[in-house]
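# Report on the structure
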Amino acid sequence: MAAVDPRSGYCAATGTFHSLHQPPALPPPTQSLAFPAFALSLLPSPLPPHAALVDAATGEAVSFPAFLARVRALARSLRAELGLSRGDVALVLAPNSVHVPVLVYALMSIGAVVSPVNPTLTAGEIARLVEISKPAIAFAVPTTATKLPSGLPAVLLDSPMFHGWLQLQGGGEHGGDEPAAVVVQQSDTAAIEYSSGTTAAVKAVALSHGSFIAALALIYEQSGRRRLDMDHAPPRRVLQARSIATSMGFIQMLVTPALGDTLVLMSCAVEEGVRDIMGMVERHRVTDTAVPPPLVVAMARGEAAGFDVSSLRRLLCGGAALPVHAEAEFRRHFPGVLLGVVS
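Residues numbered from 1 in each chain as written. Predicted model: local features only at pLDDT ≥ 70, side-chain atom pairs only at ≥ 80, totals over all residues. Heavy atoms only, no water.

The chain is annotated in an unreviewed UniProt entry as AMP-dependent synthetase/ligase domain-containing protein from Paspalum notatum var. saurae.

### Regarding the overall build of the chain
Scanning the chain from N- to C-terminus turns up eleven helices and 15 strands. Taking 20 Å as the expected radius of gyration for a compact globule of 343 residues, we find that the chain reaches 20 Å, a close match to that expectation. Viewed in the frame of its principal axes, the chain has a C-alpha envelope of about 60 × 50 × 45 Å. Burial statistics for the chain: of 343 residues in total, 47% are counted as buried. The contacts of the chain with a sequence gap of at least 6 include a subset with a gap of at least 24, amounting to 70%. Summed over its atoms, the accessible surface of the chain is roughly 15,800 Å², and 58% of this surface lies on carbon and sulfur atoms. Taking the 24 positively charged and 26 negatively charged side chains of the chain as two groups, their mean positions are separated by 4 Å. (Helix = DSSP H or I, 4+ residues; strand = E, 2+ residues; numbered from the N terminus. Rg over C-alpha atoms; globule rule 2.2 N^0.38 Å. Buried < 20%, exposed > 50% of the residue type's maximum accessible area, 1.4 Å probe, protein only. Contact = heavy atoms within 4.5 Å. Areas by Shrake-Rupley, 256 points an atom, 1.4 Å probe, with all protein chains shown as cover. Lys, Arg positive; Asp, Glu negative; His and termini not counted. Charge placed at Lys NZ, Arg CZ, Asp CG, Glu CD.)

### Some words on the pairing of strand β14 (residues 314–318)
Sheet topology places strand β13 (residues 288–291) next to β14; four bridges connect them, and they run parallel. Each bridged residue has a counterpart across the sheet, and for Ala 290 the counterpart in β14 is Leu 316. Between the parallel elements β13 and β14, the chain passes through helix α10 (residues 293–300) in a crossover that is right-handed. The sheet contact formed by β14 and strand β15 (residues 338–342) spans five bridges and is parallel. Residue pairing for β15: Leu 316 is matched across the bridge by Gly 340. Read from β14 through helix α11 (residues 324–333) to β15, the crossover connection turns out right-handed. (Pairing = 2+ DSSP bridges. Right-handed = clockwise from strand over helix to strand, strands pointing away.)

### Points about the pattern of salt bridges
Following the criterion strictly, the structure yields seven salt bridges and no others. With a shortest N-O distance of 3.6 Å, Asp 5 and Arg 7 are connected by a salt bridge. When its relative accessible area of 25% is taken as the criterion, Asp 5 is described as partly exposed. Classification of Arg 7 by relative accessible area gives exposed; the value is 74%. (Salt bridge = Lys/Arg side-chain N within 4 Å of Asp/Glu carboxyl O.)

### Structural notes on the confidence of the model for the chain
Here the chain averages 89 in pLDDT, and 90% of its residues register 70 or above. Across residues 171–176, confidence stays below pLDDT 50; counting only partners more than four residues off in sequence or on other chains, it has eight contacts. Confidence drops under pLDDT 50 across residues 226–230; counting only partners more than four residues distant or on other chains, this segment forms eleven contacts. (pLDDT = per-residue confidence, 0-100.)

### Points about the sheet that holds β15
Across the sheet, seven strands lie side by side as β4-β3-β12-β11-β13-β14-β15; this open sheet has mixed pairing. The strands lining the two open edges of the sheet, one partner per strand, are β4 (61–63) and β15. Strand-to-strand twist in this sheet, taken as the mean axis angle between neighbours without regard to direction, amounts to 20°. Together, β11 (237–240), β12 (262–265), β13 and β14 form the strand contacts of helix α8 (residues 247–258), whose direction differs from that of β11 by roughly 145°. (Axes fitted to C-alpha atoms, helices over the stretch in contact; angles between N-to-C directions.)

### Section: helix α4 (residues 123–133)
Considered for burial, the residues of α4 that qualify are Ile 126, Leu 129, Val 130 and Ser 133. All buried residues of α4 lie within an arc of 105° about the axis, which places them on one face of the element. Of the exposed residues in α4, the ones pointing more than 90 degrees away from its buried face are Gly 124 and Glu 131. Each element contacted by the buried residues of α4 is listed here: β5 (89–93), β6 (113–116) and β9 (189–194). With its phi angle positive at about 50°, Lys 134 sits one or two positions after the end of α4. (Arc of directions from axis to C-beta.)

### Comments concerning the environment of Leu 339
By the secondary structure assignment, Leu 339 is in strand β15. Its relative accessible area of 5% is what places Leu 339 among the buried residues. Between the alpha carbons of Leu 339 and Arg 275 there is a distance of 19 Å; along the sequence they are 64 residues apart. Leu 339 has contacts with Val 296, Leu 315, Cys 317, Leu 322, Glu 327, Phe 330 and Arg 331, leaving out every residue within four places of it along the chain.

### Regarding the packing of helix α2 (residues 64–80) against helix α3 (residues 99–109)
It is the contact of α2 with α3, at a shortest axis distance of 8 Å, that shows an interaxial angle of 55°. Here α2 is positioned oblique relative to α3, judged by the angle of their axes. When the axes of α2 and α3 are compared, the crossing they make is right-handed. Facing Phe 67, Arg 70, Val 71, Leu 74, Ala 75 and Leu 78 of α2, the residues of α3 in contact are Pro 101, Val 102, Leu 103, Tyr 105, Ala 106, Leu 107 and Ser 109. (Parallel < 35°, antiparallel > 145°, perpendicular 65-115°, else oblique. Left-handed = near helix turned anticlockwise from the far one by under 90°.)

This is the structure:
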């Protein structure tokens, strides 16, 4: 478009900015396609030899073959054992763990709607979100399940039952053949996220499978993770230090396995602690992570001193404004780290 500035993408006629990147190749919008099916189709064959998921605290690792197998097994169990179906809302009230990405992928693959909630919220705040999204079921851990409204069925992610669903072979207690595949449209709602409520009451935001497919397609094209390049692109180790209840944390959790990278999951209970996060960067040789502005400010002040963070290559900062002086100081102290700021 002639009116668009080729350097900035700004269009003076409309007062809007346009992306300067070529649009990614997308499946036809009328094609039935769930986000997990699209995401997993991007993985190379054979599957990457490194871990797909790692628990930051314990070091427990889940390989790519195990990740895919758990998603398939859990998806079948969610339908057969819980009766979940397309359009049912599932509240996820749990800190980061290797079970959460498996759960989210499984829910989306059967057309259920994922509703991630910050596990640090109060019972009253959670009740308000339940009233908005009207979930059919919740997935929690013992410390968060007590904050759920009475009457809402809940499954504990650390229960023997849930662990059994991850390893289910054959027909389960209901027996029978493999259930028919669920037809999911790209226009179907994949997730319900919530606004912060800083300017008004908290609101729910419904996001479609197609929106996540488009986001992943763009990131995939820009990341150099094309199938033909996979052998020549070293895997990234991405630290998930933010709750999936944040938009940044949720999209990071969704796209990292699809890019063939390792997702290192850290409990969001310490997501604001710079020393906790830098310790995990050092321990797991993390290359990428996303953090809130206070952590960048702390790093700029030298609070990361004493940790070996030489593996860190990219740091994405968002969720609030980052002071200009802090950004400049960060770049001076960490010249080898690409700092991306999302306002």
